[in-house]
Amino acid sequence: DDFEILTLLGKGAFGKVMLVRYKKDRQVFAMKTVEKAQIIDSNEVDHILSEKKVLSEINNPFLVNMHYTFQTPTHLVFILDYCAGGELFNYLQKHENNV
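Let me sum up the structure you'll find in this document. (Residues numbered from 1 in each chain as written. Predicted model: local features only at pLDDT ≥ 70, side-chain atom pairs only at ≥ 80, totals over all residues. Heavy atoms only, no water.)

**Digging into the overall build of the chain**
Summing up its helical and strand segments, the chain has three helices and five strands in all. Mapped in sequence order, the helices and strands of the chain form the string β-β-β-α-α-β-β-α. Dimensions of the chain, computed from C-alpha atoms along their principal axes, come out at roughly 45 × 35 × 25 Å. Out of the 99 residues in the chain, the part that is buried amounts to 19%. (Helix = DSSP H or I, 4+ residues; strand = E, 2+ residues; numbered from the N terminus. Buried < 20%, exposed > 50% of the residue type's maximum accessible area, 1.4 Å probe, protein only.)

So this is what it looks like as structure tokens:
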């Protein structure tokens with residue numbers, strides 16, 4: 001209830017990423033939601049726990065930082081910096097000859 005969903009940014013195998021606004025201060029974030037059942041069924045529990053651990057330990061202006069995490073009965077949720085411009089992987093593929 002603390003976040004207003006603005007738009008869908010992308011979908012992946014285990015969940016999706018949405019652009020959200022934090023209602024308290026109107027700051028914009030990317031909200032990554034991951035379905036617990038799919039993580040368990042795909043045997044990716046260690047992977048997602050590792051991702052959470054790494055994101056919680058970094059604080060760098062050149063990396064995507066995690067601000068909040070929480071869970072619902074069905075999903076894990078990461079609130080991350082929003083970086084406009086799309087996925088870095090797609091950018092690198094498009095510009096691989098110029099890098």
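Having seen it, we continue.
**Structural notes on unusual backbone geometry**
Positive phi outside glycine occurs at Arg-26, with the angle close to 70°. Note that Arg-26 resides in the loop between β2 (15–22) and β3 (28–35). The backbone phi angle of Asn-43 is positive, close to 55°, even though this residue is not glycine. Relative to the assigned elements, Asn-43 resides in the loop between α1 (36–41) and α2 (45–57). Judged by relative accessible area, Asn-43 falls into the exposed class, the value being 69%.

**A look at the layout of surface pockets**
Here the largest pocket is characterised by a volume of approximately 980 Å³. Lining the largest pocket are 31 residues, and of these Val-17, Lys-32, Leu-80, Gly-86 and Glu-87 lie nearest its centre. Put simply, the parts of the chain that give the lining of the largest pocket at least two residues each are β1 (3–11), β2, β3, α2, β5 (75–81) and α3 (88–94). When its residues are assigned to classes, the lining of the largest pocket shows 17 nonpolar, seven polar and seven charged. (1 Å grid on protein atoms, 1.4 Å probe; cavity = no way out; pocket = protein on both sides within 12 Å on 5 of 7 lines; lining within 4 Å. Points joined across faces, edges and corners; volume = space filled by probe spheres on them. Nonpolar A, V, L, I, M, F, W, Y, C, P; charged D, E, K, R; others polar.)

**Quick notes on the nonpolar core**
The biggest cluster of nonpolar side chains holds eight residues, and these are Phe-3, Met-18, Val-20, Tyr-22, Phe-29, Met-31, Val-77 and Ile-79. Elements with a minimum of two residues in this core: β2, β3 and β5. Here the element with the most residues in this core is β2; it accounts for three residues. Beyond its immediate chain neighbours, meaning those up to four positions away, Tyr-22 contacts Asp-2, Phe-3, Gln-27, Phe-29 and Tyr-68. In this structure, Ile-48, Met-66, Phe-78 and Leu-80 belong to the second largest nonpolar core, which totals seven residues. (Core = buried A, V, L, I, M, F, W, Y, C linked by side-chain atoms within 4.5 Å. Contact = heavy atoms within 4.5 Å.)

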